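Single-letter residue listing:
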Amino acid sequence: MSNPSDALGRLMAHALARAVALLILWLVLAGSDLADLPAGIVAVLAATVTSLRLLPVGPSRLSPVLLGPLALRFLYQSVAAGIDVAWRALDPRLPLRPGFVVYSVCFPLGSARNAFAALTSLLPGTVPAGDEGSRLVYHCLDVDQPVVSQLAAEEAALRHAIRHD
Amino acid sequence: MIEFMTTVLGFILAMLALGLVRILRGPADADRMMAAQLIGTGGIAALLLLGTVTAVPATVDVALTLALLATFASIAFVKKGRANAPDSTGDA
Amino acid sequence: MSVAVDIITIVAITAGAFFFLAGTVGLLRFPDTLTRLHALTKADNLGLGLVVLGLVPQAGSLRGGLKLLCVWALALLAGAMVSQLIAREASGQRGDPAMRHDGPPP
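Residues numbered from 1 in each chain as written. Chains lettered and ligands numbered in written order. Predicted model: local features only at pLDDT ≥ 70, side-chain atom pairs only at ≥ 80, totals over all residues.

### Description of the overall build of chain B
Right, so step 1: Looking only at helices and strands, chain B features 4 helices and 0 strands.
Right, so step 2: When the helices and strands of chain B are listed from N to C terminus, the series reads α-α-α-α.
Right, so step 3: Buried positions account for 39% of the 92 residues belonging to chain B.
Right, so step 4: Sequence separation of 24 or more characterises 55% of the internal contacts of chain B that already satisfy a separation of 6 or more. (Helix = DSSP H or I, 4+ residues; strand = E, 2+ residues; numbered from the N terminus. Buried ≥ 20, exposed ≤ 12 C-beta atoms within 10 Å, placed from the backbone. Contact = placed C-beta atoms within 7 Å.)

This is the structure in structure tokens:
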């Protein structure tokens, strides 16, 4: 792993994978007209360089195989979240018990923690509203819900999908 | 199908307009910013429906641009809020 | 076949419109900034997702359908980021939030 040529090879492999993904995105957005392709290639190169600069290749990443189930899980959660907030909004009694819940998160500061915060912002009744050291502060629509155990389940699911190289 | 989509388009625009009452009521700047977020999501839905109803594919590009602009507007709002944090007013 | 597709479109778009209604009602009825943020981000993102789901079969081409899904994915990603930023901003403005401290999960 510490061999410099290995590291360069890994960087190139990541760069190529990102460039291919961005090219596919560009083709979907702009169409596959051959005359437009030079502009697309310039855009893809610029975007790849920017992405490597702003989001460097780290020691761990999401496993592509486990990404599908994770995406489905959070899609399901975001549907549940929409239904939850809709019935609270439309119920004449307005059933809310808003408050803050502090959750100790195991992910260190960085992209894993950011991914966790972004994914849990889709959960029913919770929005990350701040950090306190190693803990995330969540604002909840209903503090009587089992928020902490639900967050723990999501954290386990995300940790399961992260692969360490 | 065209009539149905046009009706829903009108309904979503009405919901969007109703949500803008939040700009008048406030009370915090964040509440007013959320009305702008509503223009983001509701506006995208309305534009996508409009693009299908009128068969103008470029409307989807307008919707993409609106999604980007609404995001940048909110990020600019939060940055501005941090810059003058000491004299910003809390909500009631 | 096309009747079945049209029924999917009508059901999905009607459900989407319902969640836009719920989002607006929540934005107007909920008592404070942070609860209103829940109403806005969660209900409207689902509403947009359902409208996109209904429009994809009407897109006429694979690329058209994928492009609609890209718009939704961008809106969902932006919503996940922006809702956290607004929540941090709004909770920072409160002098002394009534915190409920929970221990680590069992």
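### Quick notes on the overall build of chain A
Right, so step 1: A count of helical and extended segments in chain A gives 5 helices and 5 strands.
Right, so step 2: When its helices and strands are written in sequence order, chain A yields α-α-β-α-β-α-β-β-α-β.
Right, so step 3: Its C-alpha atoms give chain A a radius of gyration of 20 Å, clearly above 15 Å, the size a compact globule of 165 residues would have.
Right, so step 4: Evaluated residue by residue, chain A yields a buried proportion of 23% over its 165 residues. (Rg over C-alpha atoms; globule rule 2.2 N^0.38 Å.)

### Details of the interface of chain A and chain C
Right, so step 1: The interface is formed by 34 residues belonging to chain A together with 35 residues belonging to chain C.
Right, so step 2: Sorting the residues of the side of chain A that touches chain C by element identifies helix 1 (4-30), helix 3 (64-90), strand 2 (99-104), helix 4 (111-120), strand 3 (126-132) and helix 5 (147-161) of chain A as the ones contributing at least two each.
Right, so step 3: Here the side of chain A that touches chain C takes 8 residues from helix 3 of chain A, the largest share from any one element.

### Digging into the packing of helix 1 (residues 2-29) of chain C against helix 2 (residues 33-55) of chain C
Residues and elements named next belong to chain C.
Right, so step 1: Where helix 1 meets helix 2, the axes come as close as 7 Å, and the angle between the chain directions of the two elements is 165°. With respect to their mutual orientation, helix 1 and helix 2 come out roughly antiparallel. Taken as a pair, helix 1 and helix 2 cross one another with a handedness that is left-handed. The segment helix 1 lies against helix 2, with Ile8, Thr9, Ala12, Ile13, Ala15, Gly16, Phe19, Phe20, Ala22, Gly23, Gly26 and Leu27 engaging Arg36, Ala39, Leu40, Ala43, Asp44, Leu46, Gly47, Leu50, Val51, Leu53 and Gly54.
Right, so step 2: Each residue belonging to the contact of helix 1 with helix 2 can be placed in one class, and the counts come to 15 nonpolar, 6 polar and 2 charged. (Axes fitted to C-alpha atoms, helices over the stretch in contact; angles between N-to-C directions. Parallel < 35°, antiparallel > 145°, perpendicular 65-115°, else oblique. Left-handed = near helix turned anticlockwise from the far one by under 90°. Nonpolar A, V, L, I, M, F, W, Y, C, P; charged D, E, K, R; others polar.)

### Describing the environment of B:Thr52
Right, so step 1: With respect to the secondary-structure elements, B:Thr52 resides in helix 3 (residues 29-54).
Right, so step 2: Distance from B:Thr52 to B:Ile2, taken between C-alpha atoms, is 8.5 Å for residues 50 residues apart in sequence.
Right, so step 3: Not counting residues up to four positions away in its chain, the partners in contact with B:Thr52 are B:Met5, C:Leu55 and C:Gln58.

### What to know about the nonpolar core
Right, so step 1: A:Tyr138, B:Leu48, C:Val71 and C:Ile86 are the most contacted members of the largest nonpolar core, which has 81 residues in total.
Right, so step 2: The biggest single contributor to this core is helix 3 (residues 62-93) of chain C, with 12 residues.
Right, so step 3: Discounting chain neighbours no more than four positions away, the residues touching A:Tyr138 are A:Phe100, A:Val101, A:Tyr103, A:Thr126, A:Val127, A:Pro128, A:Ala129 and A:Val147. (Core = buried A, V, L, I, M, F, W, Y, C linked by C-beta atoms within 7 Å.)

### Examining the confidence of the model for chain B
Residue and element names in this part refer to chain B.
Right, so step 1: Of the residues in chain B, 87% reach a pLDDT of 70 or more, and the chain-wide mean stands at 82.
Right, so step 2: Least confident of the elements in chain B is helix 4 (residues 58-83), whose mean pLDDT is 83; most confident is helix 1 (residues 2-19), at 90.
Right, so step 3: Within the model, the stretch residues 87-92 combines pLDDT values under 50 with 13 contacts to residues more than four positions away or in other chains.
Right, so step 4: The ipTM assigned to the predicted complex is 0.79, against a pTM of 0.82. (pLDDT = per-residue confidence, 0-100.)

### Topic: the pairing of strand 4 (residues 135-140) of chain A
Residue and element names in this part refer to chain A.
Right, so step 1: Counting buried residues along strand 4, 5 of its 6 residues qualify, which places the element largely inside the surrounding structure.
Right, so step 2: Pairing geometry for strand 2 and strand 4, over 6 bridges, is antiparallel. Within strand 4, the position partnered with Val101 by the bridge is Tyr138.
Right, so step 3: Bridging between strand 3 and strand 4 involves 6 bridges; their strand directions are antiparallel. Each residue of the ladder has a partner; that of Gly130, found in strand 4, is Val137. (Pairing = 2+ DSSP bridges.)

### Things to note about the interface of chain B and chain C
Right, so step 1: Listed as interface residues are 38 residues of chain B and, on the opposing side, 38 residues of chain C.
Right, so step 2: Counting residues per element, the ones that place at least two in the side of chain B that touches chain C are helix 1, helix 2 (21-25), helix 3 and helix 4 of chain B.
Right, so step 3: Per element, the largest residue contribution to the side of chain B that touches chain C is 13 residues, and it comes from helix 3 of chain B.
Right, so step 4: Residue composition of the side of chain B that touches chain C, grouped by class: 25 nonpolar, 10 polar and 3 charged.

### What about the domain arrangement of chain A?
Right, so step 1: Each domain of chain A was delimited in the assignment, giving domain 1 (4-57) and domain 2 (62-164).
Right, so step 2: Distance from the C-alpha centre of domain 1 of chain A to the C-alpha centre of domain 2 of chain A: 31 Å. (Domains from an automatic or database assignment.)

### Topic: the packing of helix 1 of chain A against helix 2 (residues 37-54) of chain A
Residue and element names in this part refer to chain A.
Right, so step 1: Relative to each other, helix 1 and helix 2 sit at 135°, their axes nearing to 9 Å. One way to sum up the angle between helix 1 and helix 2 is to call them oblique. The crossing of helix 1 and helix 2 is right-handed. Along its contact with helix 1, which presents Ala15, Arg18, Ala19, Leu22, Leu23, Trp26 and Ala30, the element helix 2 presents Gly40, Ala43, Val44, Ala47, Thr48, Ser51 and Leu52.
Right, so step 2: For the contact of helix 1 with helix 2, the per-class residue count stands at 10 nonpolar, 3 polar and 1 charged.

### A closer look at the environment of A:Leu45
Right, so step 1: Following the sequence through the fold, A:Leu45 ends up in helix 2.
Right, so step 2: With 22 residues separating them in the primary sequence, A:Leu45 and A:Leu23 have C-alpha atoms 9.1 Å apart.

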